[in-house]
Amino acid sequence: MSAPTLVLDPSTTDPDAELWFVEPAGFLPLPLEALLPEPCSPAADALRSAAAPLLAAAPDEASRGRLVAAFATGQQLLAALREAGTVHCSIGLHRDDVADVAAVSGPVPLFSLFTISWRETATAPRGVTAARAVTAGEGHSGVEFVELSCGPAAFSESASVPGAGSGLPQSPLLQLHAHLPHPDCGRLAVLTLTTTAPARRDEYRAILRLIAGSVSFKSPSQV
């Protein structure tokens, strides 16, 4: 079998980028800036132009209204993520080849959401910051401390159910976290993988470990 081909993102030469990582197959990045443009900006005009064919293809006015409402809800969720410090967001779609039902009706599609967020922290050694990230708050379980190529890290997981007023299905959510202190010792990158398939905990934890292991705080173009 031939070696996999790595495609370098233009961010490898972006002077404003602060973190680099490899995203596995099956994840579709969401362009936050394009989906949340400033009103009356060129980006807003571009978004309207991109959405126009989709709205024109709707069979009737009611269908167009539902599309607009669904898109607005999605924008609200993305805006909330960005407000919380999220700088990257991807939707994951994978086939559950190991599920029991797969033997009967074929592979089951599994959805997930992957985000990267920045958090300001008190200045401290990076190992201390990683430990504080999983002990300061409640609800962290499956805690594991490791040394990655980018430095010390803490892995943890938590479970929750969407709020009743969120508009989301009331299904249990499994959130897997990787806490990676920045070398400046004053902030923390939090990688979170959220899924509605808690039974696939081990598989999703392996995916998050793979992504976290690829993180670098130095551009690949400088390595």
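Residues numbered from 1 in each chain as written. Predicted model: local features only at pLDDT ≥ 70, side-chain atom pairs only at ≥ 80, totals over all residues. Heavy atoms only, no water.

Peer 1: Looking at this structure, I do not really get the overall build of the chain. What am I missing?
Peer 2: Of the regular secondary structure elements, the chain holds 6 helices and 7 strands. Scanning the chain from its N terminus toward the C terminus, one meets helices and strands in the order β-α-α-α-β-α-β-α-β-β-β-β-α. Within the chain, the fraction of its 223 residues that count as buried is 35%. Within the chain, residue pairs in contact and separated by at least 24 positions form 60% of the contacts whose partners lie at least 6 positions apart. (Helix = DSSP H or I, 4+ residues; strand = E, 2+ residues; numbered from the N terminus. Buried < 20%, exposed > 50% of the residue type's maximum accessible area, 1.4 Å probe, protein only. Contact = heavy atoms within 4.5 Å.)

Peer 1: For this particular structure, what's the right way to read the nonpolar core?
Peer 2: Soluble globular proteins tend to pack their nonpolar side chains together in the buried interior. Membership of the largest hydrophobic core comes to 26 residues, with the highest contact counts inside it found for F114, L148, L180, L191, L193 and L208. By residue number, the principal contributor to this core is helix α6 (residues 201–214), which donates 5 residues. If near-sequence neighbours (up to four positions away) are discounted, L193 is found in contact with F27, S112, L113, F114, L174, Q175, L176, Y204, I207 and L208. Counting 7 residues, the second largest nonpolar core, distinct from the first, contains L30, L36, L47 and L78. (Core = buried A, V, L, I, M, F, W, Y, C linked by side-chain atoms within 4.5 Å.)

Peer 1: How should the packing of aromatic side chains be read in this particular structure?
Peer 2: Here a ring pair, both rings aromatic, is described through the centre-centre distance and the interplanar angle of the planes. This model, assessed by the stated rule, comprises 3 aromatic pairs. Relative to F114, the ring of F27 has its centre 6.2 Å away and its plane inclined at 65 degrees; by these criteria the two rings are edge-to-face. Taken together, the residues F27 in strand β1 (residues 27–29) and F114 in strand β3 (residues 108–120) connect sequence positions 87 residues apart. Both residues of the pair, F27 and F114, belong to the buried class. Ring centres of W118 and F217 lie 6.5 Å apart, and the angle between their planes is 40 degrees; this geometry places the pair in the tilted category. A residue pair is termed long-range when its members are at least 10 positions apart, and W118 in strand β3 and F217 in the segment after α6 qualify at 99 residues. Like W118, the residue F217 is buried in the burial classification. Directly above the ring of W118 sits R187, whose terminal nitrogen or CZ lies 4.8 Å from the centroid. The ring of F155 is capped by R209, whose NZ or CZ atom sits 4.6 Å from the centre of that ring. (Phe/Tyr/Trp six-rings, centres within 6.5 Å; stacked < 30°, edge-to-face > 60°. Lys NZ or Arg CZ within 6 Å of the ring centre and 35° of its normal.)

Peer 1: What should I look at first to understand the environment of A153 in this one?
Peer 2: Within the secondary structure, A153 sits in strand β5 (residues 151–160). Setting aside its immediate chain neighbours within four residues, A153 contacts A130, E144, F145, V146, L148, H179 and L180.

Peer 1: What am I meant to see in the sheet that holds strand β6 (residues 173–181) here?
Peer 2: Hydrogen bonds along the backbone pair up the strands of a sheet, which may run parallel or antiparallel. With antiparallel pairing, the 7 strands of this open sheet are ordered in space as β1-β2-β3-β7-β6-β5-β4. Both outer strands of the open sheet, β1 and β4 (141–148), are each paired with one neighbouring strand and no more. Averaged over neighbouring strand pairs, the angle between their axes works out to 20 degrees when direction is ignored. Judged from the 10 bridges that link them, strand β2 (residues 86–96) and β3 form a sheet pairing that is antiparallel. Bridging from a neighbouring strand, H94 pairs with L110 of β3. The strands touched by helix α5 (residues 126–135) are β4, β5, β6 and β7 (187–195); relative to β5, the strand with the most contacts, the crossing angle is about 5 degrees. Most of the contacts of α6 go to β6, to which it runs at about 25 degrees, and overall it touches β1, β3, β4, β5, β6 and β7. (Pairing = 2+ DSSP bridges. Axes fitted to C-alpha atoms, helices over the stretch in contact; angles between N-to-C directions.)

Peer 1: What is the right way to look at a nonpolar patch on the surface in this model?
Peer 2: Judged by side-chain polarity, L28, I91, L93 and F111 come together as a nonpolar surface patch covering roughly 400 Å² of accessible area. Along the polypeptide, F111 turns up in strand β3. (Patch = residues over 30% accessible without salt bridge, like charges linked within 9 Å, V, L, I, M, F, W, Y side chains within 5 Å. Areas by Shrake-Rupley, 256 points an atom, 1.4 Å probe, with all protein chains shown as cover. Salt bridge = Lys/Arg side-chain N within 4 Å of Asp/Glu carboxyl O.)

Peer 1: Would you mind showing me how to read the side chain of S112 here?
Peer 2: Tracing the backbone through its elements, the reader meets S112 in strand β3. Residue classification places S112 among the buried residues on the basis of a relative accessible area of 6%. If we ignore the near neighbours within four places in the chain, the residues touching S112 are F27, S90, I91, G92, L193, T194, T195 and Y204.

Peer 1: Before we go on, may I ask you to explain the pairing of β7 in this structure?
Peer 2: The side chains of a regular strand alternate between the sheet's two faces. Along β7, 9 of the 9 residues are buried, which leaves the element largely enclosed by surrounding structure. Burial along β7 is two-sided: R187, A189, L191, L193 and T195 and L188, V190, T192 and T194, pointing in opposite directions, are all buried. Here β3 runs beside β7; their pairing, made up of 9 bridges, is antiparallel. Bridge pairing in β7 links S117 to V190. Here β6 runs beside β7; their pairing, made up of 8 bridges, is antiparallel.

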